[in-house]
Amino acid sequence: MSNLERDPAEVLAVGTALAEPAPATGGEVEILEPRDVPLGGPRAMNVRRTLPQRRRSLIGGWCFIDHYGPDDVSATGGMRVPPHPHTGLQTVSWLFEGEIEHRDSVGSHALVRPGELNLMTAGHGISHSEVSTPEARVLHGVQLWVALPAASRDVAPFFEHHVPVPSALGDATVRTFVGSLAGSGTAATVFSPLVGAEITAPAGATVRIPLDTAFEHGILVDAGSVSVAGTAVPVAHLGYLAPGRDAVEVVVGADGPARLVLLGGEPLGEQIVMWWNFIGRTHDDVVAARGQWQGEVIAGEQPHGRFGTVAGYDGAPLPAPELPTVRLKPRG
């Protein structure tokens, strides 16, 4: 999914002021509140963004968390994201409900379906489109980005599709789409140590989730009354856990089942510059990528250049927003 904000609020630039609530803390769990971001026009599909924030840009290599739905497609118009570029990252698409058609400039044409991972590695540069299918009545899921480490950020772009086999963890069910957890996992290609998993648990369950002590973790609550290590984490909020834990206890309230998304990884140990759909290491990296997209694709000067062409999409590609008037600041 593209970041469709016309004035991207995750611009991390000297001199800008973004009104964003301070993370609440409860014991050893830091609570990150979402902000609502409308994607598109009058019938915009809204997402709830918990990463990046000014006070926390990364959880391991995870650098972007959009949580959306359940959205009635008849009311929102669904998802229609024209071809747009990415650099220096991987997109991780994971649905709970619905269906989305993916096309990209390396020739991939795939459907995103619930319980199936679509992983796109942008590397040096890629473009892609995403459109909800006519069969989709509801859209509900997460769109995640992973920042590639400096040594890998210019790899050639490619696409993968994986279907994790679920496993039991006490009363919970685990579907691990990146890395491995509790006997579930995939062979998805990653460039830094990571884990990503959907965990569902019935009302009243207590689940002890094993953790890698070298990882920092975030637990996003999609549904249910949930406490993490004794701290309540509201729906659509993210509970952050620093490295050093070998496990965490999650308790589900008696009022209904819960669904969580667990994300973790070794601290990246690098600063990144993230703006719109680009990740670089300097302001100039982003300026160069934007200029190439605008020149090659939008102006049509070199349609098969860095970002290539998305075949089969009926419509124009998405122009980049204007850059801010101050230099983008590395964060991490």
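Residues numbered from 1 in each chain as written. Predicted model: local features only at pLDDT ≥ 70, side-chain atom pairs only at ≥ 80, totals over all residues. Heavy atoms only, no water.

The UniProt record annotates "binding site: Fe cation" (unreviewed entry) at H84, H86, H128 and E130. Spanning 47 residues, the named residues form one tight spatial group whose C-alpha atoms are at most 13.4 Å apart. Note on placement: H84 falls in strand 6 (residues 80-86). Exposure remark for H84: the relative accessible area of 0% places this residue in the buried category. A polar side-chain atom of H84 sits 2.8 Å from the main-chain carbonyl oxygen of P82. As for its position among the elements, H128 is in strand 11 (residues 126-132). For H128, a relative accessible area of 1% translates into the label buried. Within the local environment of H128, its side chain forms a polar contact with the side chain of H84, the two groups lying 2.9 Å apart. (UniProt positions renumbered as here; feature names shortened; annotations may be inferred. Helix = DSSP H or I, 4+ residues; strand = E, 2+ residues; numbered from the N terminus. Buried < 20%, exposed > 50% of the residue type's maximum accessible area, 1.4 Å probe, protein only. Polar contact = N/O pair within 3.5 Å; in protein donor to acceptor, adjacent residues only side chain to side chain.)

Counting across every chain of the model gives 7 aromatic pairs. Here F278 and F307 contribute two aromatic rings whose centre-to-centre distance is 6.2 Å and whose plane-to-plane angle is 40 degrees, an arrangement assigned as tilted. Within this pair, whereas F278 is found in strand 27 (residues 278-280), its partner F307 is found in the segment after helix 2 (283-298), the two being separated by 29 residues in sequence. Here the aromatic rings of W293 and F307 are separated by 5.6 Å at their centres, their planes lie at 85 degrees, and the arrangement is edge-to-face. (Phe/Tyr/Trp six-rings, centres within 6.5 Å; stacked < 30°, edge-to-face > 60°.)

Turning next to the UniProt feature "domain: Pirin C-terminal" (unreviewed entry) in the protein. As recorded in UniProt, the sites labelled "domain: Pirin C-terminal" (unreviewed entry) are residues 198-294. Along residues 198-294 the backbone is 12% helical and 48% strand, and the end-to-end C-alpha distance reaches 37 Å.

What follows is about the side chain of Q143. Within the secondary structure layout, Q143 lies in strand 12 (residues 138-147). Looking at Q143, the relative accessible area reads 2%, which means it is buried. A polar contact of 3.4 Å, which involves the side chain of Q143, links it to the backbone oxygen of V92.

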